[in-house]
Amino acid sequence: MYSFMGGGLFCAFVGNILLVVSTATDYWMQYPYWNATRAFMILSGMACFAGIIAGIMSFAHFSSFERFNRSFVAGIMFFVSTFFVLLAMAIYTGVTVNFLGRRFGDWRFS
């Protein structure tokens, strides 16, 4: 069980680094509403960091935190982080489509 938790924490750490790198770039500045996109990306990074801290705390056995399920809280924080990233992507996609127009409306897989 601890190996799965360690692997999950490693993936969360790498994901948090990628969130910070994608938020720190200036690619968002070319479209309007980039502040909303960046705000949700920052909230996502903070929620992911809180999830990493809760996940690290789940390895420690403190007697004062017996009724506090740290692994469950870490999972909830990662889902909140994912929700914020999805909101940021939805805002960015909506603004990009409205700004550039529908260029590839007839494109399909089949």
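Keep in mind it's a predicted model, so treat the numbers as computed, not measured. (Residues numbered from 1 in each chain as written. Predicted model: local features only at pLDDT ≥ 70, side-chain atom pairs only at ≥ 80, totals over all residues. Heavy atoms only, no water.)

1. Topic: the confidence of the model for the chain
- Mean pLDDT over the chain stands at 78; residues scoring 70 or higher make up 75%.
- Between the elements of the chain, mean pLDDT differs from a low of 80, seen in helix 1 (residues 2-24), to a high of 86, seen in helix 2 (residues 34-57). (pLDDT = per-residue confidence, 0-100. Helix = DSSP H or I, 4+ residues; strand = E, 2+ residues; numbered from the N terminus.)

2. A word on helix 2
- With 24 residues, helix 2 should reach 34 Å at 1.5 Å per residue; the first-to-last C-alpha distance of 35 Å fits that figure.
- Residues Thr37, Arg38, Met41, Ser44, Gly45, Ala47, Cys48, Gly51, Ile52, Ala54 and Gly55 constitute the buried set of helix 2. (Expected span 1.5 Å × (residues − 1). Buried < 20%, exposed > 50% of the residue type's maximum accessible area, 1.4 Å probe, protein only.)

3. Notes on the nonpolar core
- Within the largest apolar cluster, seven residues are counted, these being Ala12, Leu19, Met41, Cys48, Ile52, Val85 and Ala88.
- Elements with a minimum of two residues in this core: helix 1, helix 2 and helix 3 (70-100).
- Among the elements that take part in this core, helix 2 stands out by supplying three residues, more than any other. (Core = buried A, V, L, I, M, F, W, Y, C linked by side-chain atoms within 4.5 Å.)

4. Describing the side chain of Ser44
- Within the element layout of this structure, Ser44 appears in helix 2.
- In this structure Ser44 comes out as buried when scored by relative accessible area, which is 0%.
- Among the polar contacts made by the side chain of Ser44, one reaches the side chain of Ser81 at a distance of 2.9 Å.
- Here Ser44 is in contact with Leu19, Ser81, Phe84 and Val85, once residues within four sequence places are set aside. (Polar contact = N/O pair within 3.5 Å; in protein donor to acceptor, adjacent residues only side chain to side chain. Contact = heavy atoms within 4.5 Å.)

5. Side note on a nonpolar patch on the surface
- A contiguous nonpolar surface patch, about 580 Å² in accessible area, is contributed by Phe10, Phe13, Val14, Ile17, Leu18 and Val21.
- A residue is classified by how much of its surface remains accessible, and Phe13, at 47% relative accessible area, is partly exposed. (Patch = residues over 30% accessible without salt bridge, like charges linked within 9 Å, V, L, I, M, F, W, Y side chains within 5 Å. Areas by Shrake-Rupley, 256 points an atom, 1.4 Å probe, with all protein chains shown as cover. Salt bridge = Lys/Arg side-chain N within 4 Å of Asp/Glu carboxyl O.)

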